[in-house]
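# Summary of the model geometry
So the chains spell out like this:
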Amino acid sequence: MSTTTTRGVARPAAAKPSKARPRRGLTANNTLNFWLFTGPFLLGLVIFVFVPIGWSIWLSFFDARFTVTPSHFVGFDNYRQMLTNSDFTGSLVTFTVFAAFIVPTTWALSLGLALLVHRLRFMRAFFRSVFFLPTACSYVAAALIWKMSIFNGVRFGLANTVIGWFGADNVAWVSNPSPPWYWLVILTVRLWLQAGFYMILFLAALQNIPAELYEAAAIDGAKPGWQTFRHITLPQLRATSTAVILLLLVAAYQAFDEFYNIITTRATWGQTPLMVLYKTALGANQDYGSGSAGAVILTVLICAVTLLQGKFMGFGRGEESK
């Protein structure tokens, strides 16, 4: 061992740090653990998601009546049939209007609830749980409660009881398309069911906003309230708002349960795109080819609207490009 001297005192030289060699089995164990945890999920994803999607696209190009293994290739005839089907195209137009209303309404309600809960100084956990609790309720159960208890067409319904106090007549909320009061029933139940979930997303984003931003704004003379919300809070919620709007758009076009259980008749005015596809593919004719073509059209429409909305909101752009 070499030594060094300092003022005549011999001291051992500092040993060179040796590089730690990675154990050979460590990488193999990490790889094995990765596949043990993700393998079942990936296998289920392939079997129950990717394979049905690919099979549906394949069926859309065949005459698949009463069979899922067709042999007669028809090209784009199924797509042409669905695009000329008045029920399907009418439901797409209806639900575009439905999405244009329910998306901003839910966004505003969930953001407002998040702001209220975030400002609470006591019982915050209680109110957060109360507003989030409806998301655990089944859409079918909530639709039946809205239909049979709150918006029942007879005078014993809660809504008719309230308007009866003011001398108004009973309203057939869900059985009469003119005027379309059934939209009020469907919109209120959907708002009640999903606003709490998006409130949690906004609440998490509000808690991540640095307090220094509000302190700096107060020093610069910004007034608390609308001015602070507009110039600090809302820009900081840009990413969360974009994600919430995209999720709401997808959910709006996939609506099925509340419409199926609230609308008493199966007329055109009460059908969703999924209802039309259900009737086409699983109805009396069992036309899996046309049903699959309609599903592909609906998927492409959802993707197109989502991408346009994401581009408009700046989803995926870096901070320097905004």
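Source: prediction; values computed, not measured.

## Details of a nonpolar patch on the surface
A surface patch of nonpolar side chains, amounting to about 1100 Å² of accessible area, comprises Leu-43, Val-46, Ile-47, Phe-48, Val-49, Phe-50, Val-51, Ile-53, Trp-55, Ile-57, Trp-58 and Val-68. On the secondary structure map, Ile-47 appears in helix α1 (residues 24–59). Given a relative accessible area of 43%, Ile-47 falls into the partly exposed group.

## As for the pattern of salt bridges
Scanning the model with the defined rule gives five salt bridges in all. Arg-80 serves as the salt-bridge partner of Asp-77, at 2.6 Å between the closest nitrogen and oxygen. Linking Asp-77 with Arg-80, this pair stays in helix α2 (residues 77–83), spanning three residues, or about one helical turn. What makes Asp-77 partly exposed here is its relative accessible area of 39%. Salt bridges sharing partners connect three or more residues here, namely Asp-63, Arg-65 and Asp-287.

## Focus: the packing of aromatic side chains
Taken as a whole, this structure holds 22 aromatic pairs when the rule is applied. Judged by centre distance (5.5 Å) and plane angle (80°), the rings of Phe-62 and Phe-73 are edge-to-face. Here Phe-62 is found in the loop between α1 and α2, whereas its partner Phe-73 is found in the loop between α1 and α2, with eleven residues between them in sequence. Judged by its relative accessible area of 12%, Phe-62 falls in the buried class. Ring geometry for Trp-226 and Phe-229: centres 5.8 Å apart, planes at 40°, overall tilted. Of this pair, Trp-226 and Phe-229 are both found in helix α9 (residues 226–236), three residues apart, which corresponds to roughly one turn of the helix.

## Focus on the nonpolar core
Counting 58 residues, the largest nonpolar core has Phe-98 and Phe-259 as the members making the most contacts within it. Broken down by secondary-structure element, the contributors of at least two residues to this core are α2, α3 (86–119), α5 (139–150), α7 (182–207), α10 (238–253), α11 (257–262), α12 (273–282) and α13 (288–313). Element by element, the count of residues in this core is highest for α7, at 15 residues.

## Quick word on unusual backbone geometry
Backbone geometry follows two general trends: most residues other than glycine have a negative phi, and most peptide bonds adopt the trans configuration. The phi angle at Met-123 is positive, at roughly 55°, despite the residue not being glycine. As for its placement among the helices and strands, Met-123 is situated in the loop between α3 and α4 (124–132). Exposure remark for Met-123: the relative accessible area of 45% places this residue in the partly exposed category. For Gln-286, which is not glycine, the phi dihedral falls at a positive 50°. On the basis of relative accessibility, which here comes to 27%, the residue Gln-286 falls in the partly exposed class.

## Description of the environment of Leu-144
Examined against the element boundaries, Leu-144 turns out to sit in helix α5. Leu-144 sits 118 residues away from Ile-262 along the chain, and the two C-alpha atoms are 6.8 Å apart. With residues near it in sequence (within four places) discarded, Leu-144 still touches Ser-149 and Asn-261.

## Looking at the packing of helix α8 (residues 211–219) against α9
Across the interface, α8 lies against α9 with an axial gap of 11 Å and an inter-helix angle of 160°. With respect to each other, α8 and α9 are oriented roughly antiparallel. As for how α8 packs across α9, the hand of that crossing is right-handed. Residues Leu-213, Tyr-214 and Ala-217 of α8 lie in contact with α9, whose contacting residues are Thr-228, Ile-232, Thr-233 and Gln-236. Among the residues forming the contact of α8 with α9, the class breakdown is four nonpolar, three polar and no charged.

Rules behind the numbers
Residues numbered from 1 in each chain as written. Predicted model: local features only at pLDDT ≥ 70, side-chain atom pairs only at ≥ 80, totals over all residues. Heavy atoms only, no water. Patch = residues over 30% accessible without salt bridge, like charges linked within 9 Å, V, L, I, M, F, W, Y side chains within 5 Å. Areas by Shrake-Rupley, 256 points an atom, 1.4 Å probe, with all protein chains shown as cover. Salt bridge = Lys/Arg side-chain N within 4 Å of Asp/Glu carboxyl O. Helix = DSSP H or I, 4+ residues; strand = E, 2+ residues; numbered from the N terminus. Buried < 20%, exposed > 50% of the residue type's maximum accessible area, 1.4 Å probe, protein only. Phe/Tyr/Trp six-rings, centres within 6.5 Å; stacked < 30°, edge-to-face > 60°. Core = buried A, V, L, I, M, F, W, Y, C linked by side-chain atoms within 4.5 Å. Contact = heavy atoms within 4.5 Å. Axes fitted to C-alpha atoms, helices over the stretch in contact; angles between N-to-C directions. Parallel < 35°, antiparallel > 145°, perpendicular 65-115°, else oblique. Left-handed = near helix turned anticlockwise from the far one by under 90°. Nonpolar A, V, L, I, M, F, W, Y, C, P; charged D, E, K, R; others polar.

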